[in-house]
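# Descriptive structure summary
What follows is each chain in one-letter form.
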Amino acid sequence: MDFKRTRALVTGASSGIGEAFARELAGRGADLVLAARSADKLQALAKELGGRCGVSVEVVVVDLSEPRAGTGLAAELSSRGLEIDVLINNAGFGLFGPLHETEPERIAEEVQLNVAALTELTCALLPGMRARDRGAIVNVASTAAFQPVPYMSVYGATKAYVLSFTEALWAETRGTGVRVTALCPGATETAFFEVASEHASIGRRMPADRVVKAAFRALERGRSTVIPGLGNRMLASTPRVATRQTVARLAERTMRPKSRSAGSPRPQRA
Ligand SMILES: NC(=O)c1ccc[n+]([C@@H]2O[C@H](COP(=O)([O-])OP(=O)(O)OC[C@H]3O[C@@H](n4cnc5c(N)ncnc54)[C@H](OP(=O)(O)O)[C@@H]3O)[C@@H](O)[C@H]2O)c1
């Protein structure tokens, strides 16, 4: 796929995987719209990439965890006359801890950002891509999409949604000029664990630019999903060889907060 003279919207472009997407796309000659809450980081990245790669870079400062923010962002782009060919639905976060101890407001924000904003942006921008018969959508899911994730139950469920939604759209758009891929990274070296918890990190963390390169290879090959890294692919395939209960129990043991392993009673066998 040739990205020269396309325009790409990257949500969550101020750090981590989103920033790596912005760098890769600018290197491939795409004009950019960078969206996130951190205005300073976005402005600095826009200046750097615009200067170094000779592409046009717009910034939209937006909190996508607010209701209807995805639809609002799409309307803002339309009012600025910015047509989007490539959508990187990347902004997201995860909360770690037992559900009953988690603030309901934060859970609502997590669902709003990881699910609603991603869906709204896809719904707003896909029709233009289909009409032009040209475009690409990468929705950032996670290896957390493939099994339940105790102590990150909402996060895992939001990513399962992203995976299911994206695979369905991949099938709907097959044979058209629009490519749709779900990117399912395992642990990646980003600020993600500052929000979630260091304890939420399983295995060696992959650099964000390697994760992003895998997404571009998947787009080029027309793949519905990509899981970067052999270890992550093996982890994601566990649910195929064990019962759902076994998978959930194993996941609970892996994710259980350290403070619980000593003092808490062992969970009952289901
Ligand atoms: N790192 C991992 O191990 C890993 C593994 C699998 C999947 N993922 C997924 O990868 C995606 C990117 O995460 P990351 O690892 O790159 O983490 P990160 O470094 O924390 O980046 C998250 C990005 O999302 C933006 N964001 C967060 N809340 C937002 C909000 N309310 N409105 C708009 N933007 C918001 C952040 O920008 P501002 O703070 O400036 O708003 C930031 O640019 C997420 O969907 C995450 O679930 C990460």
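Above this note sits the structure.
Numbering of residues starts from 1 in each chain and follows the order in which that chain's sequence is written. The model is predicted, so local features are restricted to residues of pLDDT at least 70 and side-chain atom pairs to those at 80 or more, both for listing and for counting; the totals for chains, interfaces and linings are taken over all residues. Calculated side-chain values reflect all of the structure's heavy atoms, with hydrogen atoms and water omitted.

### Some words on the pattern of salt bridges
The condition that has to hold: Only one rule defines a salt bridge in this text: a Lys or Arg side-chain nitrogen within 4 Å of an Asp or Glu carboxyl oxygen. Comment: elements are numbered from the N terminus, with helices defined as DSSP H or I runs of at least four residues and strands as E runs of at least two. Exposure classes here rest on a 1.4 Å probe applied to the protein chains alone. A residue is buried below 20% of its type maximum, exposed above 50%, and partly exposed in between.
In total, this model carries 14 salt bridges according to the counting rule given. Put simply, E58 and R80 hold a salt bridge, and the shortest N to O gap is 2.9 Å. Taken together, the positions of E58 in strand β3 (residues 57-61) and R80 in the loop between α3 (69-79) and β4 (86-89) put the pair 22 residues apart, joining distant regions of the chain. Put simply, R80 and E76 hold a salt bridge, and the shortest N to O gap is 2.7 Å. Residue classification places R80 among the partly exposed residues on the basis of a relative accessible area of 34%. Since its relative accessible area comes to 32%, E76 is described here as partly exposed. Connected via shared salt-bridge partners are E19, R23, E48 and R52.

### Describing the site of the ligand
Note the cut-off: Nearness here has a simple test: a residue counts as near a molecule or strand if at least one of its heavy atoms is within 4 Å of that partner. The term polar contact refers here to a pair of N or O atoms within 3.5 Å; inside protein, the definition further demands a hydrogen-donor-capable atom paired with an acceptor-capable atom, and it admits residues adjacent in sequence only when both atoms are side-chain atoms. All accessibility values rest on the Shrake-Rupley procedure with a 1.4 Å probe; residue burial counts only the protein chains present in the view. Amino acids outside the nonpolar list (Ala, Val, Leu, Ile, Met, Phe, Trp, Tyr, Cys, Pro) and the charged list (Asp, Glu, Lys, Arg) are all regarded as polar, and Gly is one of them.
Neighbouring the ligand are 30 residues; S15, R37, S38, Y155 and T190 lie closest to it. Here an oxygen atom of the ligand and a backbone polar atom of N90 are 2.7 Å apart. At 2.8 Å from an oxygen atom of the ligand is found a main-chain nitrogen or oxygen belonging to T188. Within the complex, 93% of the 870 Å² of free accessible area of the ligand lies under protein. Going through the elements one at a time, α1 (16-27), α5 (153-173) and α6 (192-195) are the ones with two or more residues in the shell around the ligand. Here the residues of the shell around the ligand are counted per class, giving 15 nonpolar, twelve polar and three charged.

### Focus: the side chain of T11
What counts is decided by this rule: Should any heavy atoms of two residues lie within 4.5 Å, those residues are counted as being in contact.
Mapped onto the elements, T11 comes out in strand β1 (residues 7-11). According to the relative accessible area criterion, T11 is buried, its value standing at 2%. In terms of polar contacts, T11 uses its side chain to reach the backbone amide nitrogen of N90, at 2.9 Å. Sequence-distant contacts of T11, that is, excluding residues within four places in its chain, are made with G18, A35, L64, L73, I88, N89, N90, A91 and L121.

### Section: the environment of G81
Relative to the elements of secondary structure, G81 occurs in the loop between α3 and β4. We classify G81 as exposed; its relative accessible area is 58%. Considered as a pair, G81 and L113 are 32 residues apart in the sequence and their alpha carbons are 25 Å apart.

### Describing the packing of aromatic side chains
Short version of the rule: Side-chain rings of Phe, Tyr and Trp (the six-membered ring for Trp) are treated as a pair once their centres are within 6.5 Å; stacked means planes under 30 degrees apart, edge-to-face means over 60, and tilted covers the remaining angles.
Per the stated rule, a full pass over the model turns up five aromatic pairs. Between F21 and F216 the ring centres are 5.9 Å apart and the planes differ by 45°, which places this aromatic pair in the tilted class. With F21 in helix α1 and F216 in helix α7 (residues 208-221), this pair connects stretches of sequence that are 195 residues apart. Note on accessibility: F21 and F216 belong to one class, buried. The interplanar angle of 85° and the centroid separation of 5.1 Å between the aromatic rings of F192 and F193 together place this pair among those described as edge-to-face. Given a relative accessible area of 6%, F193 falls into the buried group. The structure contains a cluster of three or more aromatic residues connected by ring pairs, namely F3, F21 and F216.

### Considering the packing of α3 against helix α4 (residues 104-132)
What counts here: Axes, fitted as lines to C-alpha atoms, cover a helix only where it is in contact. Angles between the N-to-C directions of the axes lie from 0 to 180 degrees. Helix crossings are classified by the rotation of the near helix relative to the far one: an anticlockwise turn of less than a right angle makes the crossing left-handed, while a clockwise turn makes it right-handed.
It is the contact of α3 with α4, at a shortest axis distance of 7 Å, that shows an interaxial angle of 35°. As for the relative orientation of α3 and α4, their crossing is right-handed in sense. Mapping the contact onto sequence places A69, G70, T71, L73 and A74 in α3 and A117, E120, L121 and A124 in α4. Tallied by class, residues from the contact of α3 with α4 come to six nonpolar, two polar and one charged.

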